[in-house]
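What follows is the residue order along each chain.
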Amino acid sequence: MVDTPFTGRLGASRMKKCLEDGPLDTTQGSDRMATAKTPEPLTENDEQYIIRNKDGVPVGTKPHTKWTPLRIIIWAVIALAGAFGWLMLAVIRGEQVNTLWFVVAAVCTYAIAYRFYALFIQKTVMRPDDTNATPAERIDNGRDYDLTDRRVLYGHHFAAIAGAGPLVGPVLAAQMGYLPGTIWIIVGVCLAGAVQDMLVLFISMRRGGRSLGQIARDEIGPIGGTIAMVGIFVMLMIVLAVLALICVNAMTGSPWSVFSIGCTIVIALLMGVYLRFIRPGKVAEVSIIGFALLIFSIIAGNWVAQSPIANALALSGTELTIAVMVYGFFAAVLPVWLLLTPRDYLSTFMKVGTIVVLAVGIVIVQPFARTAAVSEFAGNTAGPVFAGALFPFLFITIACGALSGMHATVASGTTPKMIQKESQVRMIGYGGMLMESFVAIMALAAAVSLSTGTYFAMNMSTAGIIKLDTAAVKAGALIDTDQATGDITVWLPGQEGVPSSAKPLTAEQVTAWSTDMSAGVVAGATAEQKEAANQAKAASAAVAVTQLGVTDAQGNKPRVEWDQQDPTNPSATIAMYDEAALQQIAEDVGEPSIVSRTGGAPTLAVAMANILHRIFGGKEMMSFWYHFAVMFEALFILSAVDAVTRVTRFQLADAIGNWAPKFRDPSWRLGSWICTAIVVGAWGSLLLMGVTDPNGGIQTLYPLFGIANQLIAAIALMIVTVVIIRKGYAKWSWIPLIPLAWDVSTTFTASWQKIFSPDPALGYWTQFTNARALIASGDLTGTALANAQATVRNTAIQGTLSIIFLAMAVAILVTSVIRVITTLRSGDTTTSEDPHQDSAFYAPSTFLGTRLENRVARQFMEVGDPKHIPHRR
Amino acid sequence: MSSSGLAHCFGQVIRGFKTAWWYVCELLGANAYQHYLDRFTLDHHNGEDGHQPMSEKEFWRRRIDEAPVEGGCC
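Residues numbered from 1 in each chain as written. Chains lettered and ligands numbered in written order. Predicted model: local features only at pLDDT ≥ 70, side-chain atom pairs only at ≥ 80, totals over all residues. Heavy atoms only, no water.

> What should I look at first to understand helix 14 (residues 317–333) of chain A in this one?
Counting along an α-helix, one turn takes 3.6 residues, and residues three or four places apart therefore face a common direction. All names here are of chain A. Taking 1.5 Å of rise per residue, 17 residues should cover 24 Å, and helix 14 covers 24 Å from first to last C-alpha, within 8% of that figure. Residues of helix 14 that are buried: Gly 317, Leu 320, Thr 321, Val 324, Tyr 327, Gly 328, Ala 331 and Ala 332. For helix 14, the angular spread of buried residues about the axis comes to 130°, placing them on one side. In this fold, the buried residues of helix 14 make contact with helix 10 (222–251), helix 11 (255–278), helix 15 (340–365), helix 25 (622–656) and helix 26 (669–691). (Helix = DSSP H or I, 4+ residues; strand = E, 2+ residues; numbered from the N terminus. Expected span 1.5 Å × (residues − 1). Buried < 20%, exposed > 50% of the residue type's maximum accessible area, 1.4 Å probe, protein only. Arc of directions from axis to C-beta. Contact = heavy atoms within 4.5 Å.)

> Is there a simple way to explain the sheet that holds strand 5 (residues 478–481) of chain A in this structure?
Pairing between the strands of a sheet is mediated by backbone hydrogen bonds and can be parallel or antiparallel. All names here are of chain A. Read from one edge of the open sheet, three strands run 6-5-7, paired in antiparallel fashion. The sheet terminates laterally at strand 6 (488–491) and strand 7 (503–504), the two strands that pair on one side only. Two elements, strand 5 and strand 7, share two bridges in a ladder whose sense is antiparallel. Residue pairing across strands places Ile 479 opposite Lys 503, the latter belonging to strand 7. (Pairing = 2+ DSSP bridges.)

> Is there a simple way to think about unusual backbone geometry in this case?
Comment: phi is negative for the bulk of residues other than glycine, and the bulk of peptide bonds are trans. Residue and element names in this part refer to chain A. Cis geometry marks the peptide bond from Phe 391 to Pro 392, where omega comes out at 5°. With respect to the secondary-structure elements, Pro 392 resides in helix 16 (residues 390–397). One non-glycine residue, Gln 366, adopts positive backbone phi at about 45°. Position of Gln 366 among the secondary structure elements: in the loop between helix 15 and strand 4 (368–369).

> What is the right way to look at the packing of helix 9 (residues 212–220) of chain A against helix 27 (residues 697–726) of chain A in this model?
Relative orientation and spacing of two packed helices are given, respectively, by the angle between their axes and the distance between those axes. Residues and elements named next belong to chain A. Contact pair helix 9 / helix 27: the axes reach a minimum separation of 10 Å and the direction vectors enclose 45°. As summarised for this structure, helix 9 and helix 27 are arranged oblique, according to the angle between their axes. For the pair helix 9 and helix 27, the sense of crossing is left-handed. Only Ala 716, Ile 719, Val 722, Val 723 and Arg 726 of helix 27 make contact with helix 9, whose side of the interface consists of Leu 212, Ile 215, Ala 216, Asp 218, Glu 219 and Ile 220. For the contact of helix 9 with helix 27, the residue count by class is eight nonpolar, no polar and three charged. (Axes fitted to C-alpha atoms, helices over the stretch in contact; angles between N-to-C directions. Parallel < 35°, antiparallel > 145°, perpendicular 65-115°, else oblique. Left-handed = near helix turned anticlockwise from the far one by under 90°. Nonpolar A, V, L, I, M, F, W, Y, C, P; charged D, E, K, R; others polar.)

> Explanation requested: the packing of aromatic side chains in the structure shown.
Given two aromatic rings, their pairing is described by the distance between the two centres and the angle made by the two planes. A full pass over the atoms with the stated rule returns 36 aromatic pairs over all chains. Aromatic pair A:Phe624 and A:Trp625: ring centres 5.4 Å apart, planes at 75°, arrangement edge-to-face. Ring geometry for B:Phe59 versus B:Trp60: centroids 5.5 Å apart, planes at 85°, classification edge-to-face. Residue class for B:Phe59 comes out buried when judged on its relative accessible area of 8%. Given the relative accessible area of 3%, B:Trp60 is considered buried. Through successive ring pairs, a cluster of aromatic residues spans A:Phe616, A:Phe624, A:Trp625, A:Phe628, A:Phe632 and A:Phe636. If you follow A:Arg115 out to its NZ or CZ, it ends over the ring of A:Phe116, 4.9 Å from the centre. (Phe/Tyr/Trp six-rings, centres within 6.5 Å; stacked < 30°, edge-to-face > 60°. Lys NZ or Arg CZ within 6 Å of the ring centre and 35° of its normal.)

Laid out in structure tokens, this is it:
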């Protein structure tokens, strides 16, 4: 009978009642199930580790770890296992690297970082004081300030920070090979991401749960604070645009995905109405119904995709952009109960499910990594997924999972208002981020288990494919056409075994592919045109991947490969290659085409389908798993899009309220519509720019997204540094300064290259000048002219945004440094922390609770009279 | 394995599921009304001071309408 979950003091009273009534129902979520018998009472010896307030109520326990031989052995084993994992990944490698080593290296490193580094930070700069009441205990209004069980809050915090980011960033970064991404995700989270999340959470918790912008204002001053607020607003717009772009790319031309993702909105509406009018408060019940409907909509998507209405649902990128914008507007102005709240239930449900499914898949199937450890694209700017070399672009491509500025808004948002004890910050802040990092590692492991050719065929823009095909013509590539199916096989000059029927690839053939592809995406394209476009895509992509300057794990030129089930022997597979393989993948996952599906979500979905079908359901279930994966990614993205739209709309209304006070009135309908329209217009126009970009929106916009996200991290880490120095802990300021220095050097270098690089793959302004020169030369006509004009327009906007981001970050850094210098000179360590207030509340600080903690928790239930808790209403 | 051992195992599994269910419910906030009632009882001495708790319907209406919107997640 230990530490039954409770919320605030009401839990205490309930617990007391239960104790009087007899044996407690320990099934109610009690941990340590195996020891669900009455724990022994506290002893004299225990007492020395217990912190009590003046009324004798226990409020905390002192750290008292003793290094027993067993403990030393356990940690030695963890360290050795981790070291072995890294050795297998990075040094030995061998023929094929099992992705299970990714998991081993990650988990062991996390454990060590959590146990030693996070604890070190806790002891040196956080110094949690459990005699101090947290905002949740002090204010406890039953709404936003709400004492929440630490294990529940952990899940809550994780669901709030993790979305599509840790799933797509690592997939895109896989173009550099598996090793750079793995190292950055694991080392980055331990030294940077988790440190940022934990410290921001702690700082905000000590300040009544104030937001990052407000803390910046208090700590750095009004100028730096205002720039930080505006900067975060602008950066959020680009973040939303890129997230929405990923979602749009996953749905483009796919009736199945459009149907099942569209259904999530309808299902959320139904859930909202059900909860409001039919059975109020039956949250768990409605979530299960919603989840069942969700699964059904995935299955039904298959029927829709094969029905006559499929062609009407095969929407183009532009059409989907308008749909997402209309959705974003209504989601932000409709009452929360109708759409936002029920969709959050679905999203939370799916987040927990995703981790379980991913982990089970990787651990049981243990796929091999098929990309090289470090690919050629780590060292040059020729990568087709995104342009830029390893330094600095790896570190902005993988943001969520390693270091993400967005988290600082959550860690200074709802979580600090719900935490029970100061000493729980390490578990929730640092531990929550470790879990997100783990998701990122699994996404990376899944992505690199696809063949290199498949990976690139999915992640190149169509313009990039045609460019490489033109190179293939020059290089003398040969194609052999299968008489029966029309599928082509690609052969390079000098290759062994070229069939005599192979013919040289011609420029006319490439032009024909290009024409077919363009005809398939215009509004009002017929089903035949779309079919022809998909065939052209598969054929041209099969040729294009052979021209990439990259090799796979075995050092071979990439080639699209896929295992198909042997029709005569279901337990055997036949390897397929080139166009036939691309067509087969599309058929297996139930999509018209999988070529050039940039953004990372479809790639991860194919990889997950390829892994999961081996455990659940076989080939038949592959299309289900693909659409399951696409749907949860879309669900996470749409949740972020409408929630952030809603929040920023209020911020905007507040800002406009400075000039036109009427805007501050939340009940003024027209005002909120105007603000929502401005916010949706801001991210929507960026989204449209990405969708119509001739080079593929992800390739040009994703770096901007990464830079924006990581600059928010720089702002957060700078604020943390200022707070630590003002607190008088200057000697420990290296803790946030290490990640800050790294983050600043990568984001500033990336921004610099994006603005000034003469390399047209990188520099926005170089692209801009080149495109302008091309237009001025008068040689361009038709599509080429339109593309050049789009490039001029897009690069001008992207280049300007890069400059604005950089200027803002510099301004905040300068004001912060000034603040640090004045603080160090004056020795003024006044703080904006809330004054100390005695706590009268106890809860364990570890996830499961130590033996001592659980015994103290039990005593608190008995002696912790609810009346001792201050600020009762 | 003896039958009592099997029963024990079975009990453990059931308990594990119940724990998972409790966790999901708490995560979704499904028990909020019960928490509110417990708290109300405590604050208002079981209604003896003349206050009456909100009905379940009213509670959920207010809870959802007044909930802060979170804008995080990447």
